[in-house]
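# Report on the structure
Here are the chains, one letter per residue:
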Amino acid sequence: MNAQLLYLAISLAGIAAMVGLCVFLFGRGIATLDPSVAEAEVGFEVPGFRPGALAMSADKRAALIEDAAHHALYLIAARGDGYVIRRISRVSLKSAARNGASLALRFSDLTFPKAAFVLADEQTARDWEAKLKAA
Amino acid sequence: MHFDPTQLATPLFIVLVVAEMFFVRYAGRGRYEPRDAATSLIMGLGSVVFGSLFAFIFVWFAHLVMPWRLTTVAWSIPAVAICFVLDDLTYYWWHRSAHRIRWFWAEHVAHHSSQHYNLTTALRQPWGGFLTIGFIFKTPLLLLGFPLSMLALVGGLNLVYQFWIHTEVIGKMPRWFEAVMNTPSHHRVHHATNAKYLDANYAGVFIVWDRMFGTFVPEDENEKPRYGIVKNLATYNPFKVAFHEFIGIARDLASARSLREVVGYIFAPPGWSPDGSRDTSDSIKARWAQFRSAQSPAE
């Protein structure tokens, strides 16, 4: 038992050292979004995607984007140095609540349960709240 | 005979991961992200822990099957070589099932959940093998009379071989090697989410199985692979990475309204739903094919 615990402790120390080296070499690698990146990323996943309305979060880490070709809404969020994309539908969206220019979304998705946005202004948030609730 | 190739190779894995990190940093080929790498490494350690805790299930299963074996294969170098090849064939079918049957995918998805493709991805091993009991694919080898210890040895060697193919640092190997063996190029295709690359290159060691069974897709230099799964995870939590699909199955089963739906949610391809509202790899490929033919009707 002691030998197994020692093995575990050494392994964890080794992992910590390797992750430390990774941080040293590559930094935190946080992605940011701009409209063209958001459109390109969603376009990669959705054949025939035609960019419609788009709202960037104030921190440029997430965006809501409309596919004008299929009348669908997508959420794209930076995760590490990459992005995660979800189609927003009545099935996936549990709730959308607005507070001023902020939107708080909850999803029925174990690995992506919620997202919060601060949009450009209150009217933009209001417009997107309406779009999301009609999705 | 007790010889664990994976355990013996661990120091080499560490050296190669560190070497790859430096190469990627200074040559600029490939990508690393610390939290992604941390998750992969913890998944690797966790798989050793879960594997040790639940190995008795496979041993128990093997002892149930072995009385029915046709013969008893004795230890020899030719026997190990034959066992290695046949084990790789069973690996191919297990792996293909792991992508086409949601129950097995629920375990295997953890390995594909990184959006990066580097040597730490090789270590991102699942924890849920004790739930899916994928080792039933070894039954033919047990019935042929290969000893359990020989299966453990060749299974370990297979896993060690697959380590080095998880990299973007290596382009293509010599043509003869690419023709027979699984390589970084072939396996990049396997880990890619590009529609043309989905459900391809299931091989462990010998790519000839994919060529034989019609699942081989070569890497196209004009289409760079994008890694991950079609619905990428927004978490680095290793427990969620390891078990999220099992929870997804449980949730779906709770809402199932018929036996057909129960069977579909467990055994149909990942993404299956009764109303077809979710994406499977087949529906994604069909949509892209339709889109491309609409784009270039003359082709």
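All figures in this text were calculated on a predicted structure; none of them were measured in a lab. (Residues numbered from 1 in each chain as written. Chains lettered and ligands numbered in written order. Predicted model: local features only at pLDDT ≥ 70, side-chain atom pairs only at ≥ 80, totals over all residues. Heavy atoms only, no water.)

## Some words on the overall build of chain A
- Within chain A, the secondary structure is distributed over three helices and seven strands.
- Of the regular secondary structure in chain A, the N- to C-terminal order runs α-α-β-β-β-β-β-β-β-α.
- Projected onto the principal axes, the alpha-carbon positions of chain A cover approximately 60 × 30 × 30 Å.
- The buried share of chain A, reckoned over its 135 residues, is 40%.
- Residue pairs in contact within chain A that sit at least 24 positions apart in sequence constitute 42% of those at least 6 positions apart.
- Summed over all atoms, the accessible surface of chain A reaches about 6,800 Å², with 59% contributed by carbon and sulfur.
- Distance from the positive charge centre (15 side chains) to the negative charge centre (13 side chains) of chain A: 7 Å. (Helix = DSSP H or I, 4+ residues; strand = E, 2+ residues; numbered from the N terminus. Buried < 20%, exposed > 50% of the residue type's maximum accessible area, 1.4 Å probe, protein only. Contact = heavy atoms within 4.5 Å. Areas by Shrake-Rupley, 256 points an atom, 1.4 Å probe, with all protein chains shown as cover. Lys, Arg positive; Asp, Glu negative; His and termini not counted. Charge placed at Lys NZ, Arg CZ, Asp CG, Glu CD.)

## A look at the packing of aromatic side chains
- Taken as a whole, this structure holds 29 aromatic pairs over all chains when the rule is applied.
- With a centroid separation of 5.1 Å and 80° between ring planes, the pair formed by B:W127 and B:F239 is classed as edge-to-face. One end of the pair, B:W127, is in the loop between α5 (119-123) and α6 (129-132); the other, B:F239, is in helix α12 (residues 238-255), with 112 residues separating them in the sequence.
- On the basis of relative accessible area, B:W127 is assigned to the buried category, the value being 5%.
- Given the relative accessible area of 52%, B:F239 is considered exposed.
- One aromatic cluster in this structure is built from B:F50, B:F54, B:F56, B:W103, B:W127, B:F130, B:F239, B:F243 and B:F246.
- Its end group placed over the ring of B:Y236, A:R79 keeps NZ or CZ at 4.3 Å from the ring centre. (Phe/Tyr/Trp six-rings, centres within 6.5 Å; stacked < 30°, edge-to-face > 60°. Lys NZ or Arg CZ within 6 Å of the ring centre and 35° of its normal.)

## A look at the sheet that holds strand β6 (residues 102-107) of chain A
Residue and element names in this part refer to chain A.
- Strand order in the open sheet made by the three strands is β5-β6-β7, with antiparallel pairing throughout. For this open sheet the edge positions go to β5 (93-99) and β7 (114-118), each flanked by a neighbour on one side alone. Looking at each pair of strands side by side, their axes are set apart by 10° on average, direction ignored.
- Together, β5 and β6 form the strand contacts of helix α3 (residues 122-133), whose direction differs from that of β5 by roughly 160°. (Pairing = 2+ DSSP bridges. Axes fitted to C-alpha atoms, helices over the stretch in contact; angles between N-to-C directions.)

## A short note on the pairing of β5(A)
- Here β5(A) runs beside β6(A); their pairing, made up of six bridges, is antiparallel. Bridging across to β6(A), A:R98 finds its partner in A:L103.

## Brief notes about the interface of chain A and chain B
- Counting residues at the interface gives 34 residues for chain A and 40 residues for chain B.
- Interface area, chain A with chain B, both sides summed: about 3,500 Å², of which 65% is carbon and sulfur.
- In this structure, the connection of chain A to chain B is made through three salt bridges.
- Between B:R226 and A:E41 there is a salt bridge, with its nearest N and O atoms 2.7 Å apart.
- Taken together, chain A and chain B are joined by 10 residue pairs in polar contact (both at pLDDT 80 or more).
- Mapped by element, the contributors of at least two residues to the side of chain A that touches chain B are α1 (2-26), α2 (35-45) and β4 (82-88) of chain A.
- The leading source of residues in the side of chain A that touches chain B is α1(A), at 12 residues.
- Taken together, the residues that form the side of chain A that touches chain B break down as 19 nonpolar, eight polar and seven charged. (Buried area = accessible area lost by both parts, 1.4 Å probe. Salt bridge = Lys/Arg side-chain N within 4 Å of Asp/Glu carboxyl O. Polar contact = N/O pair within 3.5 Å; in protein donor to acceptor, adjacent residues only side chain to side chain. Nonpolar A, V, L, I, M, F, W, Y, C, P; charged D, E, K, R; others polar.)

## A few points about unusual backbone geometry
Residue and element names in this part refer to chain A.
- Look at K60: it is not a glycine, yet its phi comes out positive at around 55°.
- By the element assignment, K60 lies in the loop between β1 (51-56) and β2 (62-67).
- Unlike most non-glycine residues, H71 shows phi in positive territory, near 50°.
- By secondary structure assignment, the location of H71 is in the loop between β2 and β3 (72-79).
- Judged by its relative accessible area of 70%, H71 is exposed.

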